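# Overview (structure and organization)
Below are the chains, spelled out letter by letter.
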Amino acid sequence: MHASIVSKLRGFAVIEVQGDRCESFVNEAGKMGFVIWNIRRTSPDRLQLCIILRDYFRLRPVLKQTGCRVRVLERHGVPFFLDRLLKRKFFIAGAGLFMAVLILLSSIIWEVDVVGNETIPEERILAAAKAEGLHPLQWSFRLKTPDELSRRMLNRLPELSWIGFDRSGTKVTIKGVEAAK
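Given the structure is predicted, the values throughout are model-derived calculations rather than measurements.

## Notes on the side chain of Glu28
Within the secondary structure, Glu28 sits in helix α2 (residues 22–31). Those residues in contact with Glu28 that sit more than four places away from it in its chain are Val62, Gln65 and Thr66.

So this is what it looks like as structure tokens:
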């Protein structure tokens, strides 16, 4: 039986039990409700098995009773991973800094495009948008709502009958419909 997801989350150890009464050790551990698996004999006086981390710390009475000794061969699971990770403080700081910069850079409008204009120059629409606070390198959380932005832009550009905004990531597309003459 392989380690389950729960045992990997809680942590488990692969240990080697050495002594003359290895079978008694397994029986006593089973009586006490220890979770052990992958039991195999490696030599006449040694067993190798997997045990959950919580049960590993409760082994002392069983070891004293059977006269066996234990040695940890491998450690697996989240507790051991976190222990190794916490020893690398600069790695954690770098990952945190990377995430902060990524969030900040994705909160900036990098590109503003204009679609649907035929007679009105694109520069004039972009100038009206800039006057309302919509321009490249603008924080996206500082933008007005699309309804308010649309209403104000229509006041600045009476040649348009409708104007809409489509924000896709860090790009804003201004869609305009020119009024019929």
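## A look at the sheet that holds strand β4 (residues 69–76)
Taken together, four strands build an open sheet; the order of strands is β2-β3-β1-β4 and the sheet is antiparallel. Both outer strands of the open sheet, β2 (36–43) and β4, are each paired with one neighbouring strand and no more. Neighbouring strand axes in the sheet, compared pairwise and without regard to direction, differ in orientation by 25 degrees on average. As paired strands, strand β1 (residues 12–18) and β4 are joined by seven bridges and run antiparallel to one another. The residue of β4 that forms the bridge with Phe12 is His76.

## Section: the packing of aromatic side chains
If you walk through the whole model with that rule in mind, you get three aromatic pairs. For the pair Tyr56 and Phe57, a centre-to-centre distance of 5.6 Å together with 75 degrees between the ring planes defines the contact as edge-to-face.

## What about the side chain of Ser150?
Turning to its location among the elements, Ser150 is positioned in helix α8 (residues 146–156). Using a relative accessible area of 13% as the deciding quantity, one classes Ser150 as buried. Residue contacts for Ser150: discarding those within four places in its chain leaves Ile163 and Phe165.

## Some details on the nonpolar core
Val17 and Phe25 are the most contacted members of the largest nonpolar core, which has 16 residues in total. Among the secondary structure elements, those contributing two or more residues to this core are β1, α2, β3 (46–52) and α4 (60–66). Counting residues in hydrophobic clusters, the runner-up holds 15 residues, among them Val114, Ile125, Leu134 and Leu157.

Rules used throughout
- Residues numbered from 1 in each chain as written.
- Predicted model: local features only at pLDDT ≥ 70, side-chain atom pairs only at ≥ 80, totals over all residues.
- Heavy atoms only, no water.
- Helix = DSSP H or I, 4+ residues; strand = E, 2+ residues; numbered from the N terminus.
- Contact = heavy atoms within 4.5 Å.
- Pairing = 2+ DSSP bridges.
- Axes fitted to C-alpha atoms, helices over the stretch in contact; angles between N-to-C directions.
- Phe/Tyr/Trp six-rings, centres within 6.5 Å; stacked < 30°, edge-to-face > 60°.
- Buried < 20%, exposed > 50% of the residue type's maximum accessible area, 1.4 Å probe, protein only.
- Core = buried A, V, L, I, M, F, W, Y, C linked by side-chain atoms within 4.5 Å.

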